[in-house]
Amino acid sequence: MGFLSNNFVPILIVLIIIFILSLVGFIRVPMDRAAFISGFKRRVVTGKLAFYLRYFERVDYLDLSLFSVDVNTSVFVPTNDFINIKADAIVKLQIAQEPEILNIASKNFLNKKSEYIGESVKEVLEGNLREIIGQMNLKDMVQNRKEFNVKVQENVSPDLREMGLVVVSFAVQSFMDEKGVIDNLGIENISKISKDASIAKAQAEKEIAIAKANADKEAKDIELKVAEEIAEKTNKLEKKKADLKI
């Protein structure tokens, strides 16, 4: 009994230490994820090692990696010049990493995969795509896709930010219309390019002909001048000969 009583306290201390250590857990959080530790005090960890208390604290994750969403108008949408078209685009999105926006994203997408997030925002993206289509003429959209992309991105960014997302890039892949207007625009462009090329060719040939004529004239002038100089020297020589005879 004396032995047990003497060793009881150290054994108890060891057991308590083991129990406490068993409560302490750790996680290694990569840069493309955010760990939300909640329980005693809510905290967010990204790109480092973090400790938490098992059974008393919970760890949830938010995916911060870049992901793509394929967006298209499911029906034909009239442009500003009343031509019905469909558009297909690729949007690259990411969870915003500012603390206040990250907190909003955690309420919407905690422990969700990028596929789920993409499906959640498709309707918002398509709505903004339709809105910009309705504000622009078809020719401007087709011939200046960069301007179209920028307008859609600027238009949709505030809506997505309220969900905790940022638009990294927006790129329209194709436009399609009901009446073949876009194909006709292509033919018009080809005709214009061909016309410009013909004009450029004619202008070049004209410049070549002018340059050749100027060169011929210059050569003739030089030839005539040389002939005059030879005739003048010949006359002088003949005159000198005549003077010598006299």
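Cut-offs used in this document
Residues numbered from 1 in each chain as written. Predicted model: local features only at pLDDT ≥ 70, side-chain atom pairs only at ≥ 80, totals over all residues. Heavy atoms only, no water. Helix = DSSP H or I, 4+ residues; strand = E, 2+ residues; numbered from the N terminus. Buried < 20%, exposed > 50% of the residue type's maximum accessible area, 1.4 Å probe, protein only. Areas by Shrake-Rupley, 256 points an atom, 1.4 Å probe, with all protein chains shown as cover. Pairing = 2+ DSSP bridges. Axes fitted to C-alpha atoms, helices over the stretch in contact; angles between N-to-C directions. Contact = heavy atoms within 4.5 Å.

Draft legend 1. Expanded view of the overall build of the protein. The secondary structure content of the protein amounts to six helices and nine strands. For the protein, the residues scored as buried account for 25% of the 246 residues in total. Summed over all atoms, the accessible surface of the protein reaches about 16900 Å², with 59% contributed by carbon and sulfur.

Draft legend 2. Seen up close, the pairing of strand S6 (residues 67-72). The side-chain alternation of S6 yields one buried face, formed by Phe 67, Val 69 and Val 71, and one unburied face, formed by Ser 68, Asp 70 and Asn 72. Sheet topology note: the S6/strand S8 (residues 84-95) ladder contains six bridges and is antiparallel. By the bridge assignment, Val 71 is partnered in S8 with Ala 89.

Draft legend 3. Here's a closer look at unusual backbone geometry. Look at Phe 82: it is not a glycine, yet its phi comes out positive at around 65°. Looking at where Phe 82 falls in the secondary structure, it is placed in the loop between strand S7 (77-78) and S8. For Asn 111, which is not glycine, the phi dihedral falls at a positive 65°. Relative to the assigned elements, Asn 111 resides in the loop between helix H2 (99-109) and helix H3 (114-135).

Draft legend 4. The pairing of S8, seen in detail. Burial along S8 is one-sided: the face carrying Ile 85, Ala 87, Ala 89, Val 91, Leu 93 and Ile 95 is buried and the face carrying Asn 84, Lys 86, Asp 88, Ile 90, Lys 92 and Gln 94 is not. The sheet contact formed by S7 and S8 spans two bridges and is antiparallel. Pairing of Val 77 across the sheet is with Ile 85, part of S8. As consecutive antiparallel partners, S7 and S8 are separated by five residues, and within that stretch Phe 82 has a phi angle of approximately 65°, a positive value. Sheet topology places S8 next to strand S9 (residues 165-177); eleven bridges connect them, and they run antiparallel. Each bridged residue has a counterpart across the sheet, and for Gln 94 the counterpart in S9 is Val 166.

Draft legend 5. Spotlight on the sheet that holds strand S5 (residues 58-63). Strand order in the open sheet formed by three strands is S3-S2-S5, with antiparallel pairing between adjacent strands. A single partner strand is all that each edge strand has here, and the edge strands are strand S3 (43-45) and S5. Across this sheet, the average inter-strand angle for adjacent strands is 25°, counted without regard to direction. Both strand S2 (residues 33-38) and S3 contribute to a ladder of three bridges, which runs antiparallel. Among the inter-strand pairings, Phe 36 is bridged to a residue of S3, identified as Val 44. Sitting on the sheet, H2 touches S2, S3 and S5, and the angle it makes with S5 is about 100°.

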